[in-house]
Amino acid sequence: MTLPSIVTRSLTKSYGALTALDSFDLSVEQGTIFGLLGPNGAGKTTLIRILTTLMNQSSGSVTIEGLDTLSSGRAIRCMIGVVSQENSLDRYLTARENLELHARLHGMEKRQYKGRIDDLLELMGLAGRQTDFPDTFSGGMQRRLVIARALVHQPRVLFLDEPTTGLDPQSRRAVWEYVRSLAGSMTIFLTTHYLEEAEQLCDRIAIMDHGRLIASGSTQELKDRLSGATVYEIEFAEGEGERYAVLLGAMSCSRNISRLGNKVTVTLEHWECVSEIVTALHGAAIRRISLKERTLEDVFISLTGEKVRE
Amino acid sequence: MLTGTVAIWLRDMLILRRSIYSELVAVVAYPLTIYLAFGIGMQGYIGLVDGAPYSLFIAPGLITMTAVNAAYNESVWSLWFHRRVQFTIESYRVTPISVSEIVIAKILTGFTHGIIKGCAVGLVIFAITPFRFPLEHLLQYLLFLIPGSALFSCAGIISGTVMDKPETIGKVEAVLVMPLIFMSGLFFPLSSYPPSVIPWVRALPTTALFEGARRALVTGELAAFPVLQVSLSALVAFVAAVFIFRRKMAE
């Protein structure tokens, strides 16, 4: 069993009367990609600021690679890399100079960082633009440069705070590829609003809201946890939809039913109900019947609600 | 211990080096215009001030004003820009350096800008105007200019730390910084003030700076009290700047 890389215990952060984090417990295993999801104002940014030692908690404890954030901030910052929501690139320095400054802030000497920066620029596809200023880069290139900067000192834990926000699909997929290529060599802690991103990249996912952890597990575990319910979409022949919708709606194992033209969507209590449905629909003119897969978004909405947050 | 300070200061100097010519043209233009307009243009109307032609009276103050203005402006705008626009301060803070190292670097940068730009204006005034001073007076003058630039650099850091809106920074400069500079005997002798006001004006560190620097440059006189007054003010401002910046970063 791998050791935990990030551990929070009863982590609480209050701003006056507002509690941004409320007894938050979390454990992230070393070498995994961990995704944190939550609606706006859920407390994600506060959590990541505490984990990266930018902010102190009101109570509770945090350890990164076994070190306490309150007493070992400098040591922790030596071994973490941070990709913040804002690009935070220095627009007056070239791409290479941005990486060099970061290396010097980590106390690296030129002979240590020169080759490392060459490799990273090559890996991120920026070697040909290393003497250009970040302002002349596309959003995707800027993001790749920020990731390269976070990797210069070879961190053991990488924090990615919404790393692909504002990128086009191609750039987003390119960033995913880089993140995937890092998997295993370091622990990656990712926050994102893109549920597909979490689904694609993360070994484990946590969902938080109102400063509390409300669910965690693998994507499949979260989907399974949603409920035992299964959703089927049945397309009937012309004019048959309404009649069968009424029939299915009257069945004891049908939890929810909706109809759009000849398409009826039925939510069943559990998969065992399928045989009852098949029996009930015997002789019906069915064009298509399909199992509707639950998505991570369904899980997210079911746990955090549909209401838009301020 | 000051690895971060050195790295950030070197970064700032690289940027200064890249834009030194345009910076100097902009910095020299303002005091030179004032010198030509007031020192030369008004000289015939004003005559002698404290026994010296008006153009010579204001020249040392213009050099000092350039230095402290440059120190203040660099600190306040640089800190605000890096904190609120570019978010580079945040990127520094997730490296192993301390918050104090960051703020000391920025104070040092403002100070360096002040000294370089003050010297540049001094050279230009020396080269194209009749203002002359014995070179041996330069050391005494620097004893004022160095803590003076440090004081204004720290003041800039405090403003850039506590003010989140750029328009507020502009207002503070108009309402506080410029009056402090102009009322400290830069364009007229302190004897012009009503007698009851003079002790209050003399208590200002800016008065000690401008008056002391003028005397040091023109006559070579080095008064210990004004030097101490400016130096102590710079020290207090330094402690306050570091404290305020650390507090702001902890929020």
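Please read all numbers here as calculations on a predicted model, not as lab measurements.

1. Quick look at the interface of chain A and chain B
Turning to step 1, where the next piece is worked out: Contacts between the two partners involve 20 residues from chain A and, on the opposite side, 16 residues from chain B.
Turning to step 2, where the next piece is worked out: For the side of chain A that touches chain B, the secondary-structure elements that each account for two or more residues are α2 (73-78), β6 (80-83) and α3 (95-105) of chain A.
Turning to step 3, where the next piece is worked out: Take the side of chain A that touches chain B: its biggest share by element is four residues, from α3 of chain A.
Turning to step 4, where the next piece is worked out: Of the residues contributing to the side of chain A that touches chain B, the split by class is eight nonpolar, six polar and six charged.

2. So, helix α11 (residues 296-304) of chain A
All names here are of chain A.
Turning to step 1, where the next piece is worked out: Taken residue by residue, α11 has L296, V299 and F300 as its buried positions. Taken around the axis of α11, the buried residues stretch over an arc of 95°, which confines them to a single face.
Turning to step 2, where the next piece is worked out: G305, located one to two residues past α11, shows a positive phi value of around 90°.

3. Topic: the domain arrangement of chain A
Residues and elements named next belong to chain A.
Turning to step 1, where the next piece is worked out: Along its sequence, chain A is organised into domain 1 (4-217) and domain 2 (225-304).
Turning to step 2, where the next piece is worked out: Computed from C-alpha coordinates alone, the two centres of domain 1 and domain 2 are separated by 42 Å.
Turning to step 3, where the next piece is worked out: Listing elements by their share of the side of domain 1 that touches domain 2, those giving two or more residues are α7 (195-201), β9 (204-209) and β10 (212-217).
Turning to step 4, where the next piece is worked out: Here the residues of the side of domain 1 that touches domain 2 sort into seven nonpolar, one polar and two charged.

4. Concerning the sheet that holds strand β8 (residues 187-191) of chain A
All names here are of chain A.
Turning to step 1, where the next piece is worked out: Spatially, six strands are ordered β6-β7-β8-β3-β9-β10 in an open sheet, and the strand pairing comes out mixed. Every interior strand has two partners, whereas the edge strands, β6 and β10, have only one. On average, adjacent strands in this sheet sit at an angle of 15° to one another, irrespective of strand direction.
Turning to step 2, where the next piece is worked out: Alignment of strand β7 (residues 157-161) against β8, held across five bridges, turns out to be parallel. Across the sheet, residue V157 finds its bridge partner in β8, namely T187.
Turning to step 3, where the next piece is worked out: Against the sheet, α11 touches β3 (33-37), β9 and β10, its axis set at about 30° to β9.

5. Details of the pairing of strand β12 (residues 254-260) of chain A
The two faces of a sheet get side chains in turn, since along a regular strand they alternate between them.
Residue and element names in this part refer to chain A.
Turning to step 1, where the next piece is worked out: Pairing of β12 with strand β13 (residues 263-268), which is carried by six bridges, proceeds in the antiparallel orientation. Residue pairing in the sheet places S258 in a bridge with T265 of β13.
Turning to step 2, where the next piece is worked out: Turn length for the β12-β13 hairpin, with the two strands adjacent in sequence and antiparallel, is two residues, and the turn residue G261 shows positive phi of about 65°.

Cut-offs used in this document
- Residues numbered from 1 in each chain as written.
- Chains lettered and ligands numbered in written order.
- Predicted model: local features only at pLDDT ≥ 70, side-chain atom pairs only at ≥ 80, totals over all residues.
- Contact = placed C-beta atoms within 7 Å.
- Helix = DSSP H or I, 4+ residues; strand = E, 2+ residues; numbered from the N terminus.
- Nonpolar A, V, L, I, M, F, W, Y, C, P; charged D, E, K, R; others polar.
- Buried ≥ 20, exposed ≤ 12 C-beta atoms within 10 Å, placed from the backbone.
- Arc of directions from axis to C-beta.
- Domains from an automatic or database assignment.
- Pairing = 2+ DSSP bridges.
- Axes fitted to C-alpha atoms, helices over the stretch in contact; angles between N-to-C directions.

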